[in-house]
Amino acid sequence: MKKSKLIFCALGLFFPGSGFNCFYLLGLKSFWGWSQLLATFGGIIGWSLLKDAHFHSAPGWILLTFGFIALEASWLTTITFGLRPDEKWDAQFNPGIAEHERNQSGWLVVLTVIFSLVFGAGIMMTFLAVAFEQFFISQIYEAKKLSQ
């Protein structure tokens, strides 16, 4: 079965952290697909722990970080594989395919790469801003406890 670079990139862009793009290439035996899916579920659990604990839960932050990494990994693989030359893509994922059936990436693949970069950078900056804010707030809180 021919593997389309556009479908792979679209799955990575629109379903980040689900592992669907990895499952598309390798089937259900994909280690990275299952890793992304489990990390995303961990991130969802971590977010609920953090909300319940008013952002003062170490396990919540750890699980949320795993979910964040799964999202970023999905967008990063979309960028990496989307920018890969079509000949290299076909050699790895479509060996022995006829000349007229080879992948010909167009603007849609380029757009998925661009939006993956935008979403990935935006989510990363948001995550880092919130994480550092909460860290510094906790430091101020601890300093106030020490001074009393």
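Higher on the page you've got the structure.
The rules we used
- Residues numbered from 1 in each chain as written.
- Predicted model: local features only at pLDDT ≥ 70, side-chain atom pairs only at ≥ 80, totals over all residues.
- Heavy atoms only, no water.
- Axes fitted to C-alpha atoms, helices over the stretch in contact; angles between N-to-C directions.
- Helix = DSSP H or I, 4+ residues; strand = E, 2+ residues; numbered from the N terminus.
- Parallel < 35°, antiparallel > 145°, perpendicular 65-115°, else oblique.
- Left-handed = near helix turned anticlockwise from the far one by under 90°.
- Contact = heavy atoms within 4.5 Å.
- Nonpolar A, V, L, I, M, F, W, Y, C, P; charged D, E, K, R; others polar.
- Salt bridge = Lys/Arg side-chain N within 4 Å of Asp/Glu carboxyl O.
- Buried < 20%, exposed > 50% of the residue type's maximum accessible area, 1.4 Å probe, protein only.
- Phe/Tyr/Trp six-rings, centres within 6.5 Å; stacked < 30°, edge-to-face > 60°.
- Lys NZ or Arg CZ within 6 Å of the ring centre and 35° of its normal.

Peer 1: Outline the packing of helix 1 (residues 5-14) against helix 4 (residues 58-82), supporting the account with residue identities and numerical values.
Peer 2: If you want to describe how two helices pack, look at the angle between their axes and the distance between the axes. With their axes 8 Å apart at the nearest point, helix 1 and helix 4 run at an angle of 160 degrees to one another. Taken together, the axis directions place helix 1 and helix 4 in an arrangement best described as roughly antiparallel. The two elements helix 1 and helix 4 meet at a crossing, and its hand is left-handed. Listed contacts from helix 4 to Lys5, Phe8, Cys9, Gly12 and Leu13 of helix 1 are Ser74, Trp75, Thr77, Thr78, Phe81 and Gly82. Grouping the constituent residues of the contact of helix 1 with helix 4 by class yields five nonpolar, five polar and one charged.

Peer 1: Outline the pattern of salt bridges, listing residues and values.
Peer 2: When charged atoms on two side chains of opposite charge get close, those side chains can pair. Under the counting rule described, the total for this entry stands at two salt bridges. Across the pair Asp86 and Lys5 runs a salt bridge, and its minimum N-O distance is 2.8 Å. Taken together, the residues span a long stretch of sequence, with Asp86 in helix 5 (residues 86-93) and Lys5 in helix 1 at a distance of 81 residues. For Asp86, a relative accessible area of 16% puts it in the buried group. Given a relative accessible area of 2%, Lys5 falls into the buried group. For Glu142, the salt bridge goes to Lys145, with nearest N and O atoms at 3.5 Å. Of the two residues, Glu142 and Lys145 both sit in helix 6 (residues 107-147), three residues apart, roughly one turn of that helix.

Peer 1: Before we move on, could you go through the packing of aromatic side chains and cite the residues and values that matter?
Peer 2: By the definition in use, this model includes 16 aromatic pairs. Ring centres of Phe8 and Phe81 lie 5.1 Å apart, and the angle between their planes is 80 degrees; on these two criteria the pair is classed as edge-to-face. Taken together, the residues span a long stretch of sequence, with Phe8 in helix 1 and Phe81 in helix 4 at a distance of 73 residues. For Phe8, a relative accessible area of 1% gives the class buried. Taking the centre distance of 6.5 Å and the plane angle of 25 degrees together, the rings of Phe132 and Phe136 count as stacked. Remark: Phe136 and Phe132 occur in helix 6; sequence separation between them is four residues, near one turn of the helix. Here the aromatic cluster, defined as three or more aromatic residues joined through ring pairs, consists of Trp47, Phe55, Trp61, Phe68 and Phe127. The ring of Tyr24 is capped by Lys3, whose NZ or CZ atom sits 5.2 Å from the centre of that ring.

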